Amino acid sequence: MALQLLLRLAFLRLTATATATAGPTVQERGFRTLPAAAWPSHFDLNWLPVQETIQIPNNGSAPLLVDVQVFVSNVFNVDILRYTVSSMLLLRLSWLDTRLAWNSGVYPRRAVTLPWDSLWTPGLTIQEALWVDWQDQSPRAQVDPDGHVELYLALTTETNCDFELLHFPRDQSDCNLSFYAFSNTALELEFRAHAVNEIVSVKREYVIRDLKTQVPVQQLVPCFQVTLRLQNTALKAIIALLVPGEALLLADVCGGLLPLRAAERIAYKVTLLLGYLVFHSSLVQALPSSSSCNPLLIYYFTVLLLLLIVSTMETVLLAALLARGNLRAKGGPSPALRGERQDHRDSEPNPEGAPRAKGSGRSLAEAADHVFFLVYVVGVVCSQFIFTGLWMWATCKSDPAPGKAVPHGGQPRL
């Protein structure tokens, strides 16, 4: 009895497995029966199965025209350290497939909806995508009696973007999303793309200033490109980066007004330098780096660090020179020379003897410190004007990518 029960359960399991493997079929009046392809467990835009059994609609000698509308609903993460942009898109694809048309007099229906895998659809791949997540893993296409097909695809994607960060944090960059249909050729398929900006919230650091689409010419594979122009609002970065740097530089200039003989001046300069070193180390980690066209702020804060180092070294050297002059003045000469100086002082009294040597050494160090202070102030002011000019008018052209610098199939360089 138990053996019969086990055999029956095994037979039922084999039957269920065979049914699941066969998959469901789509039955529509007036249409042919097509097997539904199995969806992967993690549906991704870069994984669109090639539908070998369903051929692309024939449009005669001309390629099939697919109208694409790209609705950008959100750009929610811009990571300049990783050079990535996360966005939410809605694609509306429409084309004509006369094989799906029917006689509306015989079948009085305005439109029917079909599963995505029961008819031909263009397989799309985003070239710059790191990952793609679909909001609807089972989209359905709408077909009217004339054979016009409409398909809506909603997705969230993270793509690579070559940011132009020379003027960070007032930078502006163009990020491209290139959609390719690798399952067809340019002779079979052609895209006509339009873009619509549906972003209603601008309470973010980066905002979209422009949105456009284009269809590259002379491509072997059908493709269209969406370009997002992102601009940095920069208020937070300016307050967090520029204001502390300018404050430290102003404090260092004010420290030069302290008298050289004051012991607190060296401690003041060293404290400022150590504080700026901590600020500079955290700043280097916060700013992005690039193989070319690094942000001007990296060079600016490096120049500020060099100015603080030079100012601190000047204070230490002149303070040491002044202290050595004071020690020589306080030490006094040997007894024999002291007796001769006493006899000379008796014959020709000179009340300005020793104090004159002491005063001359001190006046030399203080005069050098005064000259350095004036030169330092002029250098600081000039550096600010130079940085402002570079910020306003400097441009930088990034190095070409290896794929663009050397054409494919060119002569190798030994």
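Higher on the page you've got the structure.
Throughout this document, residue positions are counted from 1 along each chain, in the order its sequence is written. Thresholds applied to this predicted model are a pLDDT of at least 70 for local features of residues and 80 or more for the giving and counting of side-chain atom pairs; totals over whole chains, interfaces and linings are not thresholded and use all residues. To obtain the side-chain values, all non-hydrogen atoms of the structure were used and water was disregarded.

Draft legend 1. Focus on a nonpolar patch on the surface. On the surface, a cluster of nonpolar side chains totalling about 360 Å² of accessible area is made up of Ile266, Val270, Leu274, Leu277 and Val316. In this description a helix means any DSSP run of H or I spanning at least four residues, a strand means any run of E spanning at least two, and both kinds are numbered starting from the N terminus. With 4 residues, the top contributor of residues to the nonpolar patch is helix α3 (residues 264–286). Mapped onto the fold, leucine 277 is located in helix α3. Surface patches are drawn from residues lacking salt bridges whose relative accessible area is over 30%; two like charges belong together within 9 Å, two nonpolar side chains (Val, Leu, Ile, Met, Phe, Trp, Tyr) within 5 Å. Where accessible areas are quoted, they stem from the Shrake-Rupley method and a 1.4 Å probe; at the residue level, only the protein chains shown are allowed to cover. A pairing counts as a salt bridge when a side-chain nitrogen of Lys or Arg comes within 4 Å of a carboxyl oxygen of Asp or Glu.

Draft legend 2. Highlighting α3. The span one expects for a helix is its residue count, reduced by one, times 1.5 Å. Its 23 residues give α3 an end-to-end C-alpha distance of 33 Å, which sits within 8% of 33 Å, the value for a rise of 1.5 Å per residue. Burial classes: relative accessible area under 20% of the type maximum marks a residue as buried, over 50% as exposed, and values in between as partly exposed (1.4 Å probe, protein chains only). Restricting attention to buried positions, one finds in α3 the residues Arg265, Lys269, Leu272, Leu273, Tyr276, Phe279, His280 and Leu283.

Draft legend 3. The environment of proline 244, seen in detail. With respect to the helices and strands, the residue proline 244 is situated in helix α2 (residues 235–255). It only takes one pair of heavy atoms within 4.5 Å for two residues to be counted as in contact. Among residues more than four places away in sequence, those in contact with proline 244 are Ile239 and Phe279.

Draft legend 4. Region of the structure containing the packing of aromatic side chains. Under the pairing criterion, centres of Phe, Tyr and Trp rings, with the six-membered ring standing for Trp, must be within 6.5 Å; the plane angle then separates stacked pairs below 30 degrees from edge-to-face pairs above 60, leaving the rest tilted. Per the counting criterion, the structure on display carries 12 aromatic pairs. With centroids separated by 5.6 Å and ring planes inclined at 90°, the aromatic side chains of tryptophan 95 and tryptophan 120 adopt a geometry described as edge-to-face. Of this pair, tryptophan 95 sits in strand β4 (residues 84–96) while tryptophan 120 is found in the loop between β5 (112–115) and β6 (125–126), placing the two residues 25 residues apart along the sequence. Residue class for tryptophan 120 comes out buried when judged on its relative accessible area of 5%.

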